[in-house]
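# Per-entry structural report
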Amino acid sequence: GQADFQSICRDMKLADGTAVLTTREANTSPEIIAADAGRVAERTPEAMAEAIADLLADPAELQAMGRRGRAWVLEAFGGDVGVQRFAALYRQVTGA
């Protein structure tokens, strides 16, 4: 469902070396926190704007978050794990 799609989008961005910004309500926030691969903000425009400003204020740390996120994805989903996860989501969505 929606949660699986959010996780796959998150993982694709992290694998690309991109830091992620998400909300506490998203099922993706525990992984972002554990990997120190982005920021988790409250789901308000003000909190999101503040988190974006914080991320952009320190380009070196933003790049480091991206590297940590990529390392986390490769460790957690390297090899066939990611392929199997995507195939399971495909089957769920298509009913195949």
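Please read these numbers as outputs of a predicted model, since none were measured by experiment.

Rules and cut-offs
Residues numbered from 1 in each chain as written. Predicted model: local features only at pLDDT ≥ 70, side-chain atom pairs only at ≥ 80, totals over all residues. Heavy atoms only, no water. Core = buried A, V, L, I, M, F, W, Y, C linked by side-chain atoms within 4.5 Å. Buried < 20%, exposed > 50% of the residue type's maximum accessible area, 1.4 Å probe, protein only. Helix = DSSP H or I, 4+ residues; strand = E, 2+ residues; numbered from the N terminus. Contact = heavy atoms within 4.5 Å. Pairing = 2+ DSSP bridges. Right-handed = clockwise from strand over helix to strand, strands pointing away. Salt bridge = Lys/Arg side-chain N within 4 Å of Asp/Glu carboxyl O.

Formed by Leu14, Val20, Ile32, Ala35, Ala37, Val40, Trp72 and Val73, the largest nonpolar core amounts to 8 residues. Mapped onto this core, the elements with two or more residues apiece are α2 (29–35) and α4 (59–77). Beyond its immediate sequence surroundings of up to four residues, Val73 is in contact with Asp11, Leu14, Ala15 and Gly78.

With respect to the element layout, Met12 can be found in helix α1 (residues 2–15). Sequence separation between Met12 and Arg70 is 58 residues, and the spatial gap between their C-alpha atoms is 9.1 Å.

Turning to the pairing of strand β1 (residues 20–23), a few remarks are in order. Relative to strand β2 (residues 38–41), β1 runs parallel, the two being bridged by 4 bridges. If you follow Thr22 over to β2, its bridge partner there is Val40. Once you follow β1 into α2 and on to β2, the crossover reads as right-handed.

In this structure the tally under the stated criterion is 5 salt bridges. Taking the shortest distance from any N to any O, the salt bridge between Asp16 and Lys13 comes out at 3.8 Å. Take Asp16: its relative accessible area is 55%, and that puts it in the exposed class. Judged by its relative accessible area of 40%, Lys13 falls in the partly exposed class. Glu42 is the partner of Arg24 in a salt bridge, and the nearest nitrogen-oxygen pair spans 2.6 Å. Within this pair, whereas Arg24 is found in the loop between β1 and α2, its partner Glu42 is found in the loop between β2 and α3 (45–57), the two being separated by 18 residues in sequence. On the basis of relative accessibility, which here comes to 38%, the residue Glu42 falls in the partly exposed class. Salt bridges sharing common partners tie together Asp36, Arg39, Glu61 and Arg68.

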